[in-house]
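Close look at the chain arrangement
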Amino acid sequence: MDWDKLRIFHAVADAGSLTHAGDALHLSQSAVSRQIRALEEALDTTLFHRHARGLILTEQGELLFDATAAMVKRIDSATARIRDSEEEVFGELKVTTTHGFGVLWLAPRLTKLYEKYPDLKIDLMLEERVLDLPMREADVAIRMKEPSQADLIRKRLMSIRMRMYASPAYLEANGLPESLEDLSSHRLICQNPNSAQVLSGKALVQKLLSYDIRTGLTVNNYFGVLQAVIANLGIGVLPDYIIEDFPHVVRVLPDVESNEVPVFLAYPEELRHSKRVTAFRDFVQDEIFAHRRQLKAMGAD
């Protein structure tokens, strides 16, 4: 099969429209249509169902799209490696991590990376689900557990724990709890146990909710929990990495915390020599070291 026709087919299947695919490929709609017809004739099959709202892949079209998607990802990977200069760091790097870590820890520190590499473009994908690195859904991942996929280079960055925090104003108005039993007279802010989160965090939330909490707020991400804590709404269950950037919040019940949660950085073996990946990995490691030093200076365990 002609790769040019497959490339056009992939663009049409991805866009669901001849017109949109043509715009992306800088081709006329008629030129795109001719290539699709020629491909269907060569394969002696129908690849699309055509209707008023656009194009839908047939069963045969789905099979071909799966194949072209894998080819496109491999080509993108090869292109990225070819474009990596020995001296410069530039181009796009797809980074995935959790909403909490991405919003509360990583994004605020990216200024330093851009200052050093102004031509780098980061596509930051915040997902609780684990993206497939070997299939190039992302180039680099920072996850709250060790990746299980094969052919990945992985490095343990640090460990975190879920702890309880409140604002000074909330504690002044409502008092400081001295035991878990005292939580029944406070408002607890946490992730719903059924929402996507690390297992250790979920276990801690379930334990706290067993103490007959009479009022509370559940949010499906840690940024929302943090904002509610800052707004003096109650006692929040949050990862300990927020403390460096929000030193005014007060830890509540210091003996209560989740089990240790490991944080790993991972990327595909084929990107071992990528200058972009190396630059990002070194930046994250440097920031982790600085984070640890700052926490030590603050006296946080």
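Our structure is the block above this text.
Computed from a prediction, not measured in an experiment: that's the story for all the values here.

About the thresholds
Residues numbered from 1 in each chain as written. Predicted model: local features only at pLDDT ≥ 70, side-chain atom pairs only at ≥ 80, totals over all residues. Heavy atoms only, no water. Salt bridge = Lys/Arg side-chain N within 4 Å of Asp/Glu carboxyl O. Helix = DSSP H or I, 4+ residues; strand = E, 2+ residues; numbered from the N terminus. Buried < 20%, exposed > 50% of the residue type's maximum accessible area, 1.4 Å probe, protein only. Core = buried A, V, L, I, M, F, W, Y, C linked by side-chain atoms within 4.5 Å. Contact = heavy atoms within 4.5 Å. Axes fitted to C-alpha atoms, helices over the stretch in contact; angles between N-to-C directions. Parallel < 35°, antiparallel > 145°, perpendicular 65-115°, else oblique. Nonpolar A, V, L, I, M, F, W, Y, C, P; charged D, E, K, R; others polar. Phe/Tyr/Trp six-rings, centres within 6.5 Å; stacked < 30°, edge-to-face > 60°. Polar contact = N/O pair within 3.5 Å; in protein donor to acceptor, adjacent residues only side chain to side chain. Pairing = 2+ DSSP bridges.

**With respect to the pattern of salt bridges**
The final tally for this structure, using the stated rule, is 18 salt bridges. Across the salt bridge formed by Glu244 and Arg109, the nearest N and O atoms sit 3.1 Å from each other. Of this pair, Glu244 sits in the loop between β10 (235-239) and β11 (250-252) while Arg109 sits in the loop between α5 (99-106) and α6 (110-116), and the two are 135 residues apart along the sequence. Each member of the pair, Glu244 as well as Arg109, is classed as buried. Between Asp139 and Arg136 there is a salt bridge whose closest N-O contact spans 2.1 Å. For Asp139, a relative accessible area of 3% corresponds to the buried category. Through salt bridges that share partners, Arg109, Lys112, Glu244, Asp245 and Glu287 make up one connected network.

**So, the nonpolar core**
Counting residues in each nonpolar core, the largest one holds 64 residues, and the members touching the most others are Leu106, Ile142, Met164, Leu208, Val237, Ile242 and Phe280. A total of seven residues in this core trace back to one element, the largest contributor, which is helix α10 (residues 275-298). Dropping the residues within four chain positions of it, Ile242 is found in contact with Leu104, Leu226 and Val249. Listed in part, the 18 residues of the second largest apolar core include Val12, Leu39, Leu47 and Leu55.

**Description of the packing of helix α2 (residues 18-25) against helix α3 (residues 29-43)**
Contact geometry of α2 with α3 gives a least axis separation of 8 Å together with a crossing angle of 105 degrees. In this view, α2 runs roughly perpendicular relative to α3, as classed from their interaxial angle. Each of Leu18, Thr19 and Gly22 in α2 lies in contact with α3, whose residues at this interface are Gln29, Val32, Ser33 and Ile36. Tallied by class, the residues present in the contact of α2 with α3 amount to three nonpolar, four polar and no charged.

**Focus: the packing of aromatic side chains**
Each pair of aromatic rings is reported with the distance of its centres and the angle of its planes. Applying the stated rule across the entire model yields four aromatic pairs. Judged by centre distance (5.5 Å) and plane angle (50 degrees), the ring pair of Phe9 and Phe48 falls under tilted. With a gap of 39 residues between them, Phe9 in helix α1 (residues 3-15) and Phe48 in strand β1 (residues 48-51) connect regions that are remote in the sequence. Note on Phe9: relative accessible area 0%, which makes it buried. Where Phe101 meets Tyr241, the ring centres are 5.2 Å apart and the plane angle is 80 degrees; that geometry is what we call edge-to-face. Of this pair, Phe101 sits in helix α5 while Tyr241 is found in the loop between β10 and β11, placing the two residues 140 residues apart along the sequence. With relative accessibility at 0%, the residue Phe101 sits in the buried group. Site record: aromatic cluster; members linked through ring pairs are Phe101, Trp105 and Tyr241.

**Section: the packing of α5 against helix α9 (residues 222-230)**
Relative orientation of the contacting elements α5 and α9 amounts to 50 degrees, with a least axis distance of 8 Å. One finds that α5 runs oblique with respect to α9. In contact with Gly100, Val103 and Leu104 of α5, α9 contributes Tyr222, Phe223 and Leu226. Looking at side-chain class alone, the contact of α5 with α9 contains five nonpolar, one polar and no charged residues.

**Notes on the side chain of Gln191**
Along the polypeptide, Gln191 turns up in the loop between β8 (187-190) and α8 (199-209). What makes Gln191 buried here is its relative accessible area of 4%. Polar side-chain contacts of Gln191 include one of 2.9 Å to the side chain of Ser195.

**Here's the deal with the pairing of strand β7 (residues 162-166)**
Extensive coverage of β7 is indicated by the burial of five of its five residues. Of the two faces of β7, the one holding Met162, Met164 and Ala166 and the one holding Arg163 and Tyr165 are both buried throughout. Pairing analysis gives four bridges linking β7 to β10, with the strands arranged antiparallel. Paired with Met164 across the strands is Val237, a residue of β10. Sheet analysis places β7 next to β11, joined by three bridges and oriented antiparallel. In the strand pairing of β11, Met164 is matched with Val252.

**Let's talk about the sheet that holds β10**
What holds strands together in a sheet is hydrogen bonding between their backbones, with the strands either parallel or antiparallel. Ordered by their spatial adjacency, five strands build an open sheet running β9-β8-β10-β7-β11, and the pairing between neighbours is mixed. Two strands close off the open sheet at either side, each with one partner strand: β9 (215-218) and β11. The average undirected angle you get between the axes of adjacent strands in this sheet is 35 degrees. Here two bridges tie β8 to β10, and the two strands are oriented parallel to one another. Within the sheet, the bridge partner assigned to Leu188 lies in β10 and is Ile235. Contacting β7, β8, β9 and β10, α9 runs over the sheet at an angle of about 140 degrees to β10.

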